[in-house]
Every structure is written in C-alpha cells, then in structure tokens.
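Overview (structure and organization)
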Amino acid sequence: MNTTSLRLGIAGLGAIGLAVARKIDGGKVPGIALSAVAVRDRTTATAKLEGFRCKPLMVSLPEIAEHADVVLECVPGAFFAEVARPAIERGRMFMPLSVGQLLNHMDLVEPAQVTG
C-alpha cells in the first residue's frame with residue numbers, strides 16, 4: 001500500500017476552498033493531504049479551520065507553492081497571478097478554479113510548458 005500523499009495547498013478559503021479543505025481533512029480523498037492554505041485574513045481563516053484534525057500551515061498567496069505539490073486556486077481574479085505564477089515557476093500541479101483568468105495571463109503559458 002502506498003502511504004505517500006500529495007501535499008495540497010489551497011489558495012483561498014471561501015465557499016469552494018473551505019469545502020475542499022474539509023473533505024481533504026476528513027480523509028475523503030485518499031492520497032492527498034492538506035499541507036497549507038493561503039489566506040489574506042488569518043483570524044477568519046483560523047476560525048474556519050476550527051475542528052480540523054490536521055491544521056495546515058497558513059501562508060501568503062505567493063508562498064503556497066513552497067508548501068504544496070498541488071496548488072488549488074480559489075481566489076478572486078485580481079489575485080490569480082499571485083498564486084499561479086509561483087506555482088507554475090516551481091513546476092507544481094496547478095488547478096485554477098478561475099479558469100477564465102488564464103486568458104488574461106497568457107504570459108504563463110511558456111513558463112508552464114518549460115516546468116511541465
């Protein structure tokens with residue numbers, strides 16, 4: 001049995017990010033461990049994470065890629081590049097929920113091709 005888990009970093013703990021975090025913390029997705037969340041308001045995030053079995057690190061948006069193998073972007077469009085660029089530059093698996101923002105950031109295509 002493979003006990004190695006991918007480290008998931010979630011950028012944004014709004015409705016979607018928090019729902020995903022709860023599922024991961026509850027063990028609903030085998031092979032994935034919640035390692036970090038990127039938030040702007042740590043006080044609100046701390047309250048949202050109350051009751052979690054494994055508390056993730058709280059980091060800034062650009063730092064999330066340092067603590068994750070997979071980065072799930074769940075932030076308002078204005079903050080997209082702060083999450084996307086470091087994730088792509090570090091060769092992380094990047095899962096954008098704000099997919100439409102990719103059209104505004106075509107400059108990320110070439111670096112993504114280079115880092116895989």
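Please refer to the structure placed before this passage.
Let us look at the structure shown here. What you see as residue numbers is a count from 1 along each chain, following the sequence as written. Only residues with pLDDT of at least 70 get local features here, since the model is predicted, and only at 80 or more are side-chain atom pairs given and counted; chain-wide, interface and lining totals rely on the full set of residues. Computation of side-chain values: all heavy atoms of the structure, hydrogens and water removed.

1. Quick notes on the state of the cysteines
Disulfide: a covalent bond connecting the sulfur atoms of a pair of cysteines. For this text, the term disulfide refers to a pair of cysteine sulfurs within 2.5 Å. For the coordinates displayed, the defined rule picks out 0 disulfides. Between Cys74, a free cysteine, and Cys54, which holds the nearest cysteine sulfur, the sulfur-to-sulfur gap is 19 Å. Relative accessibility thresholds used throughout: buried, under 20% of the residue-type maximum; exposed, over 50%; partly exposed, between the two (1.4 Å probe, protein chains only). Judged by its relative accessible area of 15%, Cys74 falls in the buried class.

2. Things to note about the packing of aromatic side chains
Note on aromatic pairs: the rings of Phe, Tyr and Trp (six-membered ring only in Trp) are paired at centre separations within 6.5 Å, and the planes decide the class, stacked below 30 degrees, edge-to-face beyond 60, tilted for the rest. For the coordinates displayed, the defined rule picks out 1 aromatic pair. Ring centres of Phe80 and Phe94 lie 5.8 Å apart, and the angle between their planes is 70°; on these two criteria the pair is classed as edge-to-face. Of this pair, Phe80 sits in helix H3 (residues 80–89) while Phe94 sits in strand S5 (residues 93–96), and the two are 14 residues apart along the sequence. Note on accessibility: Phe80 and Phe94 belong to one class, buried. The numbering of helices and of strands both runs from the N terminus, where a helix is a DSSP run of H or I of at least 4 residues and a strand a run of E of at least 2.

3. Re a nonpolar patch on the surface
Excluding any residue in a salt bridge, patches collect residues exceeding 30% relative accessible area, merging like charges within 9 Å and nonpolar Val, Leu, Ile, Met, Phe, Trp and Tyr side chains within 5 Å. Per-residue accessibility takes into account occlusion by the displayed protein chains alone, with areas from the Shrake-Rupley method and a 1.4 Å probe. A carboxyl oxygen of Asp or Glu within 4 Å of a side-chain nitrogen of Lys or Arg is what we treat as a salt bridge. Together, Leu103, Met106 and Val109 line one region of the surface with nonpolar side chains, adding up to about 310 Å² of accessible area. Relative to the helices and strands, Leu103 is located in the loop between S5 and helix H4 (109–115). For Leu103, a relative accessible area of 69% corresponds to the exposed category.

4. Considering the nonpolar core
Within this scheme, the nonpolar core is defined by two criteria: the residues are buried Ala, Val, Leu, Ile, Met, Phe, Trp, Tyr or Cys, and they are joined through side-chain atoms within 4.5 Å. Counting residues in hydrophobic clusters, the biggest one holds 17 residues, and the most contacted among them are Ala11, Ala38, Leu61, Ile64, Val71, Val83 and Phe94. Secondary structure elements with two or more residues in this core: strand S2 (32–38) and H3. By residue number, the principal contributor to this core is H3, which donates 5 residues. Judged by nonpolar contacts, the second largest core, of 15 residues, contains Leu34, Ala45, Val70 and Cys74.

5. Here's the deal with the side chain of Glu73
The topology assignment puts Glu73 in strand S4 (residues 70–73). We count Lys and Arg on the positive side and Asp and Glu on the negative side, and we leave His and both chain ends out. Buried Glu73, no salt bridge; nearest opposite-charge side chain is Arg40, N-O distance 11 Å. Residues adjacent in sequence count toward polar contacts only when both atoms are side-chain atoms; beyond that, a polar contact is any pair of N or O atoms within 3.5 Å, and within protein one must be able to donate a hydrogen and the other to accept it. One polar contact links the side chain of Glu73 to the main-chain amide nitrogen of Leu97, over a distance of 3.0 Å. Looking at Glu73, its side chain comes within polar contact range of the side chain of Ser98, at 2.8 Å.

6. Considerations on the pairing of S2
Counting buried positions along S2 yields 5 of 7 residues, so the element is predominantly enclosed. By definition, the crossover connecting two strands over a helix is right-handed if that path, from the first strand to the second, turns clockwise as seen with the strands pointing away from the viewer. With helix H1 (residues 15–25) bridging strand S1 (residues 6–11) and its parallel neighbour S2, the resulting β-α-β unit is right-handed. Pairing between strands is defined by DSSP: at least two bridges between them are needed. As paired elements, S2 and strand S3 (residues 57–59) share 3 bridges and run parallel to each other. The residue bridging Val37 from the neighbouring strand is Met58, located in S3. In this fold, the crossover linking S2 to S3 by way of helix H2 (residues 42–48) has right-handed handedness.

Keep in mind these numbers describe shape, not what the thing actually does.
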